[in-house]
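# Coordinate analysis (summary)
Chain residues, written in single-letter form:
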Amino acid sequence: MTPQFVMDGLIAGAMIGLGAIGVTLTYSILRFANFAHGELLSWGAYLAMAISGTIGMVSTTLLKPIAPFSFGWSLPIATVLAILLTGLLALAVDALLFGRLRRRGSAVIILVMASFGASLALRSLLEFIFTSKPAYFTKALQIAIKLGGGLRATPDQLLSLGMTLIAVIAVHLLMTRTSIGRSMRAVSENPALAGIAGVDVRKMIRVVWFLGAALACIAGIMTGLLVQIRPYLGHDLLLPLFAAAILGGIGSVPGAMLAGLIVGLSEALAVQLVGAEWRAAVSFVILVIVLLVRPRGLFGRAA
Amino acid sequence: MTGLVTTTPALETRALVAGYEPDLPIVRGVDLSVAPGELLVVLGPNGAGKSTFVKAIAGVAPIHGGSVTLAGRDITDVPAHRKITQGLAFVPQTENIFATLSIHENLQLAAAVLPKPVRPDRIRALYDRFPDLAIAPSRLAGALSGGQRQMLAVARALIVDPPLIILDEPSAGLSPKIVSEVFEMLQRINATGVTVILVEQNVKAALKIASRAVILVEGQIRHEGAATALLDDPILAKLYLGTGHARNHSREAELP
Ligand SMILES: Nc1ncnc2c1ncn2[C@@H]1O[C@H](COP(=O)(O)OP(=O)(O)O)[C@@H](O)[C@H]1O
Ligand SMILES: [Mg+2]
C-alpha cells in the first residue's frame, strides 16, 4: 500500500465535499433529494469548457498556460461565467419544474421523481450538444511535484485543494455570519415562521439554488480539470454526494465538507485494499451505515 | 352606509373563510372588528378554528373568501413576510422561535426588516425590556425554558414596534406563575397603545386582562361581549361544554 492513496482520496474528497455542500443546502431548505444535482456539476464543466474554448478562439494568448498550471487565463474567466450560467440554469429548472410542484403542494416523492426526470433530460441534452466523447480543458501535461512523505500532486491538484478550502470557508462564513445565511438557516428550520418574521422565503429558495449550483459548477470544473469532462461526470458522483451530505448532517456546511473527505479517502483506501471495482460500493456502504446508526449524521440536528 | 364610524379599526375581518383545503372551510365567515388599543381575547374549544383564524390573518393559512383589513388597508392577499412591515406582528401557537439559532440571531433575523442603522438600537431596547434574554444572548434559543421562549417569541414580534400584535395561546404549557408573568407582560404592551389579539384557553386569566372577548365555535363567532361581563356569565360554560368533546373536559376546572 502506498501513501499516495491519501492524496488521491483528498482530491476526490474535495470535489465530493464541494458538491455535497450544494446538496446539503438545497436539501435542508427544499426538503427533497434532488437527483438532478449531479447534472449541475456536468453542466458547469461543459459550460466552462465551451466558454473557455470560445475565449480561446478570440484570443490565443489567453490559452497559454499560466505556469505552473496546465490552463491559461481563459479557464478562470470561463469559470466565473459558468458559475453564473449554472446558477441561472438551476433557477430556470426551479421556475419551470420544482417551483410549480411546490406551489401545488406536491408530495416529496413527486418532487424526487421530477428530479429524476430533470436529471435525465439535462444529461441527454449534454450528450446531444457535446456528444459522450470525453473532453478536456487542456491538452497540456503536468508533472507531479514531490511533497514529501511519499506524496505527490500536480500544481492543478494543489490549486483545486486550495480553491476548495477557500470556497468552504467562504460558504461557512456566509451561513454563520451574514444576514442572508441567518435567513437561510431560519427557512431551513421553519419556513412558515421565517415568513412571519419577515423573511421572503421564495427569495431565499432562489438564493439557495444559486449557491448550490455555483458550488456544483466549481466541483464539476475541478473534476473536469483533474479527471475528464463527460456527460456522466456529475451523475457518477451522485451517490458519493448524497453519502457525504447525509454523513455530514443535512444543513451542515463543515459537515458536508468533512464527510466528503471521509468518503473520498474511504474510496481511495478501498481501491488500494480491495480493488478499483469496489470504489462505487463505498459510498453505498457509508450511506447505509449512517442511516442505520446515526441518521442525523455527524453534525445534523436531532429530528 | 354613512359614517357613524369614528375610528378606523386596527383590524377588521369580513366574512372571512379560511382552511387548509378549499372544500373544507375551518373558519366559516367571521366578521370581527378590533378597535385601536383594545385587548381582545378569542376563546373557544379545541379545534374551533382559533389558530386557523389568526393564521389566516397572518398569511400562513389559506384564505378562501372574505377580506382582512389592517388599519383601513386591505391585506387579504399580502404575503406573510410583508405583514410585519405593514404593522401586523404574529406569535404562532407552537414553534414560535428558531431553536437552532441563538437568542441574538433570532432578534437579528427579525430586525432585518428594519433599516440597517436602527437595528442595533431596537435590539438593545428589547434586551432592556426583556432582561432575561440579555443574560446569555449567544445561547441557542432551543435551550430556553418555556417562559423564556415565549418572551423571545414576543420580543421578536415587537421588534418593529407594531401597532398590532396577535398571539396564539402564549400561556400553553407554562406554569401558573409564568402564565401570570406572560399576561402581565401583555398588559404592559397593551398599555403602551399596542392593540392585542390574544387567543387563549386559559379562560379566566385571559378575561381578567382583556377588554373584550369573542367566542369561536366551529369556525363561527358564537358570542361577543365585554370581558368582565363574560367572566361570570354561565353562557361561557354552556358554550364550551356544548361541543361535548371529552378533550374539552380538562378546561372545565378553569371555568367559573
Ligand atoms: N395544518 C393543518 N392542516 C389541516 N388541518 C388542520 C391544520 N391545522 C389545523 N387543522 C384542523 O383545523 C381545525 C381547527 O384547528 P385549529 O384552528 O388549530 O383550532 P383551535 O386553535 O381552535 O384549537 C381542526 O379540525 C384541525 O384538525
Ligand atoms: Mg389553536
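Just above sits the structure.
This text gives an overview of the structure that appears in the document.

Looking only at helices and strands, one finds 11 helices and 2 strands in chain A. Helices and strands appear in chain A in the N-to-C order α-α-α-α-β-β-α-α-α-α-α-α-α. Overall size of chain A, expressed as C-alpha extent along the three principal axes, is 55 × 45 × 35 Å. The proportion of buried residues among the 303 residues of chain A is 52%. Long-range contacts, defined as pairs at least 24 residues apart, comprise 76% of the intrachain contacts of chain A with a sequence gap of at least 6. Element-wise, carbon and sulfur atoms account for 71% of the exposed surface of chain A, whose accessible area totals about 13700 Å².

With that settled, consider the interface of chain B and chain A. On the side of chain A, 18 residues touch chain B, which itself brings 20 residues to the contact. Summing both partners gives a buried area of about 1600 Å² for chain B against chain A, and 62% of it is carried by carbon and sulfur. Between the two partners, chain B and chain A, sit 1 salt bridge. Of the charged contacts in the structure, one is a salt bridge between B:Glu105 and A:Arg185, with a shortest N-O distance of 2.7 Å. At the junction of chain B with chain A, the criterion picks out 6 residue pairs in polar contact (both at pLDDT 80 or more). Secondary-structure elements contributing two or more residues to the side of chain B that touches chain A are α2 (80–83) and α3 (103–111) of chain B. When grouped by side-chain class, the residues that make up the side of chain B that touches chain A number 13 nonpolar, 4 polar and 3 charged.

This part is about the coordination of the magnesium ion (ligand 2). Metal coordination angles in their ideal form are 109.5 degrees for the four-donor tetrahedron and 90 or 180 degrees for the six-donor octahedron. Residues and elements named next belong to chain B. Protein ligation of the magnesium ion (ligand 2) involves Ser 51 (OG) and Gln 93 (OE1), the donor distances falling in the range 2.0 to 2.4 Å. Of this pair, Ser 51 sits in helix α1 (residues 50–58) while Gln 93 sits in the loop between β6 (88–91) and α3, and the two are 42 residues apart along the sequence. Look at Gln 93 and you get partly exposed, because its relative accessible area is 29%.

Where burial is concerned, most of helix α6 (residues 179–189) of chain A is hidden: 9 out of the 11 residues are buried. Looking at the buried side of α6(A), the elements it contacts are α1 (4–30), α5 (155–177), α7 (191–196) and α8 (201–226) of chain A together with α3 of chain B.

Residue and element names in this part refer to chain B. Residues in close proximity to ligand 1 include Tyr 20, Ile 26, Pro 45, Asn 46, Gly 47, Ala 48, Gly 49, Lys 50, Ser 51 and Thr 52, which together make up its full environment. Taking Ala 48, its main chain carries an N or O atom lying 3.2 Å from an oxygen atom of ligand 1. Computed on the free molecule, ligand 1 has an accessible area of 560 Å², of which 57% lies beneath the protein chains in the complex. Tallied by class, residues from the shell around ligand 1 come to 4 nonpolar, 5 polar and 1 charged.

The subject of this paragraph is the pairing of strand β7 (residues 164–168) of chain B. All names here are of chain B. Most of β7 sits inside the fold, with 5 of its 5 residues counted as buried. Side chains Leu 164, Ile 166 and Asp 168 of β7 all project onto a buried face; the interleaved residues Ile 165 and Leu 167 project onto the opposite face, where all are buried too. Across 4 bridges, the pairing between β6 and β7 is parallel. For Val 91, the partnering residue across the bridge sits in β7 and is Leu 167. Of the crossover connections in this fold, the one passing from β7 over helix α7 (residues 176–191) to the parallel strand β8 (residues 195–199) is right-handed.

Conventions used here
- Residues numbered from 1 in each chain as written.
- Chains lettered and ligands numbered in written order.
- Predicted model: local features only at pLDDT ≥ 70, side-chain atom pairs only at ≥ 80, totals over all residues.
- Heavy atoms only, no water.
- Helix = DSSP H or I, 4+ residues; strand = E, 2+ residues; numbered from the N terminus.
- Buried < 20%, exposed > 50% of the residue type's maximum accessible area, 1.4 Å probe, protein only.
- Contact = heavy atoms within 4.5 Å.
- Areas by Shrake-Rupley, 256 points an atom, 1.4 Å probe, with all protein chains shown as cover.
- Buried area = accessible area lost by both parts, 1.4 Å probe.
- Salt bridge = Lys/Arg side-chain N within 4 Å of Asp/Glu carboxyl O.
- Polar contact = N/O pair within 3.5 Å; in protein donor to acceptor, adjacent residues only side chain to side chain.
- Nonpolar A, V, L, I, M, F, W, Y, C, P; charged D, E, K, R; others polar.
- Donors = N, O, S within 2.8 Å, 3.2 Å for Na, K, Ca; no water.
- Near = heavy atom within 4 Å.
- Pairing = 2+ DSSP bridges.
- Right-handed = clockwise from strand over helix to strand, strands pointing away.

Purely geometric stuff here, so don't read any function into it on its own.
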